[in-house]
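Next come the chains, spelled out residue by residue.
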Amino acid sequence: KQSPIIAPSILAADFARLGEDTAAALAAGADWVHFDVMDNHYVPNLTMGPMALSALRKYGIAAPIDVHLMVKPVDRIVPDFAKAGATLVSFHPEASEHVDRTIGLIKDSGCQAGLVFNPATSLDCLDYVLDKLDLVLIMSVNPGFGGQKFIPMALEKLRRVRRMIDERGLPVRLEVDGGVTAENIGAIAAAGADTFVAGSAIFHAKDYRAEIAAMRAAIG
Ligand code: DX5
Ligand code: ZN
């Protein structure tokens, strides 16, 4: 298991002050920026695209940007995010016609690649592509909105993926997304996650630094 990463989801930040709010979360101790892309097609909400990402880079955000694509189709938009400055690009297997090809496309465009599993999506395809991935993301809510409640079944799924990663001795990160708080993050870490997305828990807190510190303390 790798050292813990805390990735605030800027979906919960103030969109009118996106650069400042993102910089504040990083200055408060966050490691990555989690960038949620929703297309009102694969998921019933609409957020931001490559232009907003490149604006953050121009603003001076230098931390890794973890792009979570909730879009269908996937392939056409991948090079745009790479050019905009994405570090890692993750997508949902149901949204791509050819999962292995999309992973290759992300890597060829110079980014790290991740695969995302919804609460009711089986892990079957992981058997065939795990060694090509940099990250596996387990959704602990149904994608589309911030501020939802953590679905406990995600813990069992995290344990299964942790076992697969460890059995094969791969340097793959295991990320969790949805309803993560300082209260449940200890149990989530114990289930095997090493990379933690948190939107409302961080951006709706009065003190980002205290919230992130409480999360780190609970991870142990
Ligand atoms: C949900 C998004 C999440 C969301 C998490 O579709 O992928 O990244 O922003 O928000 P919280 O932490 O509020 O559940
Ligand atoms: Zn996300």
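So, how was this worked out
Residues numbered from 1 in each chain as written. Chains lettered and ligands numbered in written order. Predicted model: local features only at pLDDT ≥ 70, side-chain atom pairs only at ≥ 80, totals over all residues. UniProt positions renumbered as here; feature names shortened; annotations may be inferred. Helix = DSSP H or I, 4+ residues; strand = E, 2+ residues; numbered from the N terminus. Rg over C-alpha atoms; globule rule 2.2 N^0.38 Å. Buried ≥ 20, exposed ≤ 12 C-beta atoms within 10 Å, placed from the backbone. Contact = placed C-beta atoms within 7 Å. Expected span 1.5 Å × (residues − 1). Arc of directions from axis to C-beta. Near = placed C-beta within 6 Å. Nonpolar A, V, L, I, M, F, W, Y, C, P; charged D, E, K, R; others polar. Pairing = 2+ DSSP bridges. Axes fitted to C-alpha atoms, helices over the stretch in contact; angles between N-to-C directions. Left-handed = near helix turned anticlockwise from the far one by under 90°.

- Looking at an unreviewed UniProt entry, the protein carries the name Ribulose-phosphate 3-epimerase, with the source organism given as Rhodanobacter lycopersici.
- UniProt, in the comment section headed Function (unreviewed entry), describes the protein in these words: "Catalyzes the reversible epimerization of D-ribulose 5-phosphate to D-xylulose 5-phosphate."
- You can read under Sequence similarities (unreviewed entry) in the UniProt record for the protein the words "Belongs to the ribulose-phosphate 3-epimerase family."

## As for the overall build of the protein
Here is step 1: Scanning the protein from terminus to terminus reveals nine helices and eight strands.
Here is step 2: Relative to the compact-globule value of 17 Å for 220 residues, the protein shows a C-alpha radius of gyration of 16 Å, a close match.
Here is step 3: For the protein, the spread of C-alpha atoms along the principal axes amounts to about 45 × 35 × 30 Å.
Here is step 4: In the protein, buried positions account for 45% of the 220 residues.
Here is step 5: Here the contacts in the protein between residues at least 6 apart in sequence split such that 65% fall between residues at least 24 apart.

## Details of helix 6 (residues 153-168)
Here is step 1: A rise of 1.5 Å per residue sets the reference length of helix 6, with its 16 residues, at 22 Å; its end C-alpha atoms lie 24 Å apart and thus fit the reference within 8%.
Here is step 2: Residues of helix 6 that are buried include every one of A154, L155, K157, L158, V161 and I165, and no others. One side of helix 6 carries all its buried residues, which in axial view fall inside an arc of 160°. Opposite its buried face, helix 6 presents the exposed residues M153, E156, R163 and E167, each directed more than 90 degrees away.
Here is step 3: On its buried face, helix 6 is in contact with strand 5 (112-117), strand 6 (135-139), strand 7 (173-177) and helix 7 (185-190).
Here is step 4: Where helix 6 terminates, the next one or two residues include G169, which has phi positive at roughly 60°.

## Digging into the site of ligand 1
Here is step 1: Close to ligand 1 lie 21 residues, the nearest being S9, P143, G146, G199 and S200.
Here is step 2: Mapped onto the shell around ligand 1, the elements with two or more residues apiece are strand 2 (33-38), strand 8 (195-198) and helix 8 (200-203).
Here is step 3: When the residues that make up the shell around ligand 1 are grouped by side-chain class, the tally is eight nonpolar, eleven polar and two charged.

## A short note on the sheet that holds strand 5
Here is step 1: Sheet architecture is open: eight strands sit in the order 1-8-7-6-5-4-3-2, paired in parallel fashion. The open sheet terminates on both sides in strands that have one partner only, identified here as strand 1 (5-8) and strand 2. Taken over all neighbouring pairs, the strand axes of this sheet differ in orientation by 25° on average, direction set aside.
Here is step 2: The pairing of strand 1 with strand 8 spans four bridges and is parallel. For I5, the partnering residue across the bridge sits in strand 8 and is T195.
Here is step 3: Here helix 6 sits on the sheet in contact with strand 5, strand 6 and strand 7, set at roughly 170° to strand 7.

## A closer look at the packing of helix 1 (residues 18-27) against helix 2 (residues 50-59)
Here is step 1: Relative to each other, helix 1 and helix 2 sit at 65°, their axes nearing to 10 Å. Like other packed secondary-structure pairs, helix 1 and helix 2 cross with a definite hand, here right-handed. Touching L18, G19 and T22 of helix 1 are A52, L56 and Y59, all from helix 2.
Here is step 2: Residues belonging to the contact of helix 1 with helix 2 are distributed by class as follows: four nonpolar, two polar and no charged.

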